[in-house]
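# Structural characterization, general
Chain residues, written in single-letter form:
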Amino acid sequence: MASNGDYLLNMPDVLRIKFLAAQSASASSPWRETQEMSTFNFHADAIETGGTIEVMGRNDETTPASSTDGPILVTLAPTSLMGVVTELPRWLKTKKTAGGAPAASTVISEGKR
């Protein structure tokens with residue numbers, strides 16, 4: 001089973017990352033390099049009422065610390081489980097803020113050239 005931040009597919013034209021793996025509580029993924037992809041689609045399978053998942057970006061020269069947040073590029077919520085980032089920074093990560101009754105959230109992204 002994949003963990004937070006695991007690469008699921010790493011090909012020259014497609015990059016698929018599991019940013020969050022069945023997270024019921026508040027959690028952050030590690031930062032992942034966008035590898036010169038032109039767009040990233042994000043999809044969450046579930047988010048509890050009152051919860052959000054923020055997609056953040058940074059352009060640091062080296063990998064930012066996992067505890068470091070960045071500007072929010074897209075926010076996923078129970079009514080909008082998908083989002084797209086078209087102006088990519090060098091690094092991306094996701095951060096879940098839990099809401100009411102816990103729901104296990106898995107976030108998978110796919111980047112394309």
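See the structure printed just above.
Everything quoted here is computed from the prediction, not taken from an experiment. (Residues numbered from 1 in each chain as written. Predicted model: local features only at pLDDT ≥ 70, side-chain atom pairs only at ≥ 80, totals over all residues. Heavy atoms only, no water.)

### Quick word on the packing of aromatic side chains
- Evaluated as defined, the whole model comprises 2 aromatic pairs.
- Here F19 and F42 contribute two aromatic rings whose centre-to-centre distance is 5.5 Å and whose plane-to-plane angle is 45°, an arrangement assigned as tilted. Taken as a pair, F19 in strand β2 (residues 14-23) and F42 in strand β5 (residues 39-44) lie far apart in primary sequence, 23 residues in all.
- Look at F42 and you get buried, because its relative accessible area is 1%.
- Every member of this aromatic cluster is reached through a ring pair, and the members are F19, F40 and F42. (Phe/Tyr/Trp six-rings, centres within 6.5 Å; stacked < 30°, edge-to-face > 60°. Helix = DSSP H or I, 4+ residues; strand = E, 2+ residues; numbered from the N terminus. Buried < 20%, exposed > 50% of the residue type's maximum accessible area, 1.4 Å probe, protein only.)

### Let's talk about the environment of K93
- Within the secondary structure, K93 sits in strand β9 (residues 91-97).
- Spatially, the C-alpha atoms of K93 and A65 are 11 Å apart, while their sequence positions differ by 28 residues.
- Here K93 is in contact with F19, S28, S29, P30, W31, E54, V55, M56, S66, T68 and D69, once residues within four sequence places are set aside.
- A polar contact of 3.1 Å, which involves the side chain of K93, links it to the backbone oxygen of T68.
- A polar contact is formed between the side chain of K93 and the side chain of D69, at a distance of 3.2 Å. (Contact = heavy atoms within 4.5 Å. Polar contact = N/O pair within 3.5 Å; in protein donor to acceptor, adjacent residues only side chain to side chain.)

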